[in-house]
Amino acid sequence: MSNLGCSVHSCGNNCSGLCCLSSIDVTGGSATSSSETSCRSYRPASGTTNSTEDPAASPSTNISCKASNCKHNDNCRCSASRVTIDNCGCGNGAGCQTFEK
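Residues numbered from 1 in each chain as written. Predicted model: local features only at pLDDT ≥ 70, side-chain atom pairs only at ≥ 80, totals over all residues. Heavy atoms only, no water.

As for unusual backbone geometry
1) Next: Residues other than glycine seldom take positive phi values, yet serine 16 does so here, at roughly 55 degrees.
2) Next: By the secondary structure assignment, serine 16 is in the loop between strand S2 (14–15) and strand S3 (18–19).
3) Next: With a phi angle near 60 degrees, asparagine 75 is a residue other than glycine that sits in the positive phi range.
4) Next: For asparagine 75, a relative accessible area of 73% translates into the label exposed. (Helix = DSSP H or I, 4+ residues; strand = E, 2+ residues; numbered from the N terminus. Buried < 20%, exposed > 50% of the residue type's maximum accessible area, 1.4 Å probe, protein only.)

Below, the structure written as structure tokens:
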């Protein structure tokens, strides 16, 4: 499991910088940079701001990763100890900033 930090405030799964999901999917099969990755678990926030008291929010998150060129990709699982999902110019606007070729 990786410690996941998320600064994508427009995501409905973001709970004060943590993800409310126990696992996420990162895409970018042919990515050569973080801007070519995307958090597939992103969902637009609706209505009010995200809950800051969600008990499911935890930094420990399983990350399924399709970015095969990333040095942290270990058999489609992320092996980085700390992962940051941030706003980017990628598909849905949420990309893996921990990507390293």
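Now, onward.
Some thoughts on the confidence of the model for the chain
1) Next: The predicted model of the chain has a mean per-residue pLDDT of 88, with 87% of residues at 70 or higher.
2) Next: In the model of the chain, S2 stands out as the element of lowest mean pLDDT, 90, in contrast to strand S4 (residues 23–27), which has the highest, 96. (pLDDT = per-residue confidence, 0-100.)

What about the pairing of strand S1 (residues 2–6)?
1) Next: S1 sits mainly inside the fold: 4 of its 5 residues count as buried.
2) Next: Relative to strand S7 (residues 82–87), S1 runs parallel, the two being bridged by 4 bridges. The residue of S7 that forms the bridge with asparagine 3 is arginine 82. (Pairing = 2+ DSSP bridges.)

Points about the nonpolar core
1) Next: Counting 16 residues, the largest nonpolar core has Leu4, Val8, Ile24, Ile63, Val83 and Ile85 as its most contacted members.
2) Next: Counting only elements with at least two residues in this core, the list comes to S1, S4, S7 and strand S8 (94–96).
3) Next: With residues near it in sequence (within four places) discarded, leucine 4 still touches Gly17, Leu18, Cys19, Ile24, Pro59, Thr61, Ile63, Arg82, Val83 and Ile85.
4) Next: The next biggest cluster of nonpolar side chains, apart from the first, holds 5 residues, and it includes Ala31, Cys65, Ala67 and Cys70. (Core = buried A, V, L, I, M, F, W, Y, C linked by side-chain atoms within 4.5 Å. Contact = heavy atoms within 4.5 Å.)

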